[in-house]
Amino acid sequence: MKAKNINLDSLIGNWESINLNPTVIIYRNGDNYLLSVIHMNETSKQANPATYEIQEDEEGFFINYNLKRSAISYDTKLDILTISALGNYIRN
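No experiment lies behind these values; they were computed from the predicted model shown. (Residues numbered from 1 in each chain as written. Predicted model: local features only at pLDDT ≥ 70, side-chain atom pairs only at ≥ 80, totals over all residues. Heavy atoms only, no water.)

Enquirer: Could you give me a rundown of the pattern of salt bridges, with the residues and numbers involved?
Expert: Tallied over the full model, the rule gives four salt bridges. For the salt bridge of Arg91 with Asp79, the shortest nitrogen-to-oxygen distance reads 2.9 Å. Residue Arg91 is found in strand β9 (residues 87-91), and its partner Asp79 is found in the loop between β7 (68-75) and β8 (80-83); the two are separated by twelve residues along the sequence. When its relative accessible area of 24% is taken as the criterion, Asp79 is described as partly exposed. (Salt bridge = Lys/Arg side-chain N within 4 Å of Asp/Glu carboxyl O. Helix = DSSP H or I, 4+ residues; strand = E, 2+ residues; numbered from the N terminus. Buried < 20%, exposed > 50% of the residue type's maximum accessible area, 1.4 Å probe, protein only.)

Here you go:
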């Protein structure tokens, strides 16, 4: 069961993809919650973060990822974060 009313404070931290997608970090900046997708450059081994503000509408939480709405959901029982464009994440 996925909670629509996610407490964003409970999502703060590092999340690791179970589909080998980029690592995600969720943090708070003032009243805003931000989600950074950490892309690793395989050649230089440099981290290249892309940061998105977590927004909310009547359908729930989302980010605008690659110009598309990407829903964010959270399974409290399994402690799994799901980002529709990137798949499932577990706490790192």
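Once the structure has been displayed, the description carries forward.
Enquirer: So, the side chain of Asp75: which residues are in play, and what are the values?
Expert: Relative to the elements of secondary structure, Asp75 occurs in strand β7. For Asp75, the side chain forms a polar contact with the main-chain nitrogen of Leu78, separated by 3.0 Å. (Polar contact = N/O pair within 3.5 Å; in protein donor to acceptor, adjacent residues only side chain to side chain.)

Enquirer: Can you tell me about the packing of aromatic side chains, naming the residues and giving the values?
Expert: Under the definition given, this model contains two aromatic pairs. Both rings, one in Trp15 and one in Tyr74, keep their centres 6.2 Å apart while their planes meet at 80 degrees; by these two values the pair is edge-to-face. With Trp15 in strand β1 (residues 13-17) and Tyr74 in strand β7, this pair connects stretches of sequence that are 59 residues apart. The same class applies to Trp15 as to Tyr74, namely buried. (Phe/Tyr/Trp six-rings, centres within 6.5 Å; stacked < 30°, edge-to-face > 60°.)

Enquirer: Describe the pairing of β7, and please don't skip the residues or the numbers.
Expert: For strand β6 (residues 60-65) and β7, the ladder comprises five bridges, and the chain directions are antiparallel. Bridging from a neighbouring strand, Ile63 pairs with Ser70 of β7. As consecutive antiparallel partners, β6 and β7 are separated by two residues, and within that stretch Asn66 has a phi angle of approximately 50 degrees, a positive value. Here β7 folds back onto β8 in antiparallel fashion, the turn holding four residues, of which Asp79 has a positive phi close to 55 degrees. (Pairing = 2+ DSSP bridges.)

Enquirer: Got a sec to walk through the environment of Leu20? Specific residues and values, please.
Expert: Position of Leu20 among the secondary structure elements: in the loop between β1 and β2 (23-29). Under the relative-accessibility criterion, Leu20 is labelled exposed at 81%. Taking the C-alpha atoms as reference, Leu20 lies 9.5 Å from Tyr89; in sequence the two are 69 residues apart.

Enquirer: Explain the side chain of Ser70 to me, using residue names and the numbers behind them.
Expert: Here Ser70 shows up in strand β7. With a relative accessible area of 1%, Ser70 lands in the buried category. Separated by 3.2 Å, the side chains of Ser70 and Ser84 make a polar contact. At 3.0 Å, the side chain of Ser70 forms a polar contact with the backbone nitrogen of Ala85. Setting aside chain neighbours within four positions, we find Ser70 in contact with Phe62, Ile63, Tyr65, Ile83, Ser84 and Ala85. (Contact = heavy atoms within 4.5 Å.)

Shape descriptors only; they carry no functional weight alone.
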